[in-house]
Amino acid sequence: PLKAEKDRKASPGLERFRRTIVWVEGNYVLILDDVRSRQLADISWLIQAKRIETVNFEVGQYIIAHENASAKLQIVSDAKLDSEIVDSPADNRGKHLGWKQLRVHSRNAKEVRFATVIALWDKDAKISLQRVSSGAWEVVIKLPQGEDRWVWVASTSPEEPYRLEGVLYSGRKVSSGE
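The notes below deal with the structure included here.

Rules behind the numbers
- Residues numbered from 1 in each chain as written.
- Predicted model: local features only at pLDDT ≥ 70, side-chain atom pairs only at ≥ 80, totals over all residues.
- Heavy atoms only, no water.
- Helix = DSSP H or I, 4+ residues; strand = E, 2+ residues; numbered from the N terminus.
- Rg over C-alpha atoms; globule rule 2.2 N^0.38 Å.
- Buried < 20%, exposed > 50% of the residue type's maximum accessible area, 1.4 Å probe, protein only.
- Contact = heavy atoms within 4.5 Å.
- Areas by Shrake-Rupley, 256 points an atom, 1.4 Å probe, with all protein chains shown as cover.
- Salt bridge = Lys/Arg side-chain N within 4 Å of Asp/Glu carboxyl O.
- Pairing = 2+ DSSP bridges.
- Axes fitted to C-alpha atoms, helices over the stretch in contact; angles between N-to-C directions.
- Phe/Tyr/Trp six-rings, centres within 6.5 Å; stacked < 30°, edge-to-face > 60°.

**A look at the overall build of the protein**
Here is step 1: Helix and strand counts for the protein stand at 0 helices and 15 strands.
Here is step 2: Relative to its length of 178 residues, the protein is compact, with a C-alpha radius of gyration of 17 Å against a globular reference of 16 Å.
Here is step 3: Its C-alpha atoms give the protein principal-axis dimensions of about 45 × 45 × 30 Å.
Here is step 4: Buried positions account for 40% of the 178 residues belonging to the protein.
Here is step 5: Of all intrachain contacts in the protein linking residues separated by at least 6 positions in sequence, the fraction that spans at least 24 positions is 50%.
Here is step 6: Here the protein has roughly 10,400 Å² of accessible surface; of this, 49% comes from carbon and sulfur atoms.

**Side note on the pattern of salt bridges**
Here is step 1: For the structure on display, the rule yields 15 salt bridges.
Here is step 2: The shortest N-O distance in the salt bridge between E53 and R51 comes to 2.7 Å.
Here is step 3: Under the relative-accessibility criterion, R51 is labelled partly exposed at 38%.
Here is step 4: With a closest N to O distance of 2.8 Å, R113 and D78 form a salt bridge.

**Observations regarding the pairing of strand β14 (residues 163–167)**
Here is step 1: What you see with β14 is a clean split: L164 and G166 sit on the buried side and R163, E165 and V167 on the side with no burial.
Here is step 2: In the sheet, strand β13 (residues 146–153) pairs with β14 via 5 bridges, with the strands oriented antiparallel. In the sheet register, W150 faces β14, and the bridge partner there is G166.
Here is step 3: Where β14 lies against strand β15 (residues 173–176), 4 bridges are found, and the strand directions are antiparallel. In the sheet register, V167 faces β15, and the bridge partner there is K173.
Here is step 4: Counted along the chain from β14 to the antiparallel partner β15, the turn is 5 residues long, and its residue G171 has a positive phi close to 95 degrees.

**Some details on the sheet that holds strand β11 (residues 126–133)**
Here is step 1: The strand order across the open sheet formed by 5 strands is β11-β12-β13-β14-β15, and the pairing between neighbours is antiparallel. A single partner strand is all that each edge strand has here, and the edge strands are β11 and β15. Geometrically, the sheet is characterised by an average inter-axis angle of 15 degrees between neighbouring strands, direction not taken into account.

**A look at the packing of aromatic side chains**
Here is step 1: In total, this model carries 2 aromatic pairs according to the counting rule given.
Here is step 2: For the ring pair W137 and W152, a centre distance of 5.6 Å and an interplane angle of 50 degrees mean the geometry is tilted. On the criterion of sequence distance, the pair formed by W137 in strand β12 (residues 136–143) and W152 in strand β13 is long-range, its members being 15 residues apart. You'll find W137 and W152 in the same group, each marked buried.
Here is step 3: Considering the side-chain rings of W152 and Y162, the 5.7 Å spacing of their centres and the 65 degrees angle between planes classify their relative orientation as edge-to-face. Of this pair, W152 sits in strand β13 while Y162 sits in the loop between β13 and β14, and the two are 10 residues apart along the sequence.
Here is step 4: Of the residues examined, Y162 reaches a relative accessible area of 6% and is grouped as buried.

**Looking at the environment of I118**
Here is step 1: As for its placement among the helices and strands, I118 is situated in strand β10 (residues 100–119).
Here is step 2: For I118 and L73, which are 45 residues apart along the polypeptide, the C-alpha to C-alpha distance reads 4.4 Å.
Here is step 3: Those residues in contact with I118 that sit more than four places away from it in its chain are N27, Y28, V29, I31, I47, I64, A71, K72 and L73.

This is the structure we're talking about:
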């Protein structure tokens with residue numbers, strides 16, 4: 001976890017940022033972000049690629065691509081989101097790369113959870129996020145062959161990781177953060 005410090009020059013109001021990345025081999029990458037601010041703020045999630053296309057803005061579906069490779073991306077949240085695709089400021093040793101940047105924003109928020117699925121190798125995956133209790137969310141990944149279900153539980157202290165437990169469509173149980 002990134003320790004938030006009150007006197008940080010970047011993101012001085014950041015109270016907590018935690019990210020978990022899960023690679024489900026042969027299917028998708030799952031990215032879970034828990035962001036909290038000390039005061040109301042615009043909280044943004046970013047990704048860069050050579051090319052980014054909107055598939056369905058209402059459900060957060062995009063395509064990210066570079067050269068001859070592409071992947072389907074879907075981002076959802078427990079907060080209202082808006083997004084934009086802009087020219088990326090990315091450079092390589094001062095030379096502008098000409099990439100695009102997807103910026104997904106939760107406006108005027110104190111905390112937000114982002115759940116993102118990136119479907120690889122021409123796979124298809126849809127994601128949903130629903131709060132199931134105080135500090136716990138269910139993340140469901142719908143695949144053509146079935147559903148993967150994850151329970152994401154926030155920690156109660158800065159020193160503890162949160163828990164992530166899943167049951168894949170095959171019946172295999174997985175967990176992290178313990």
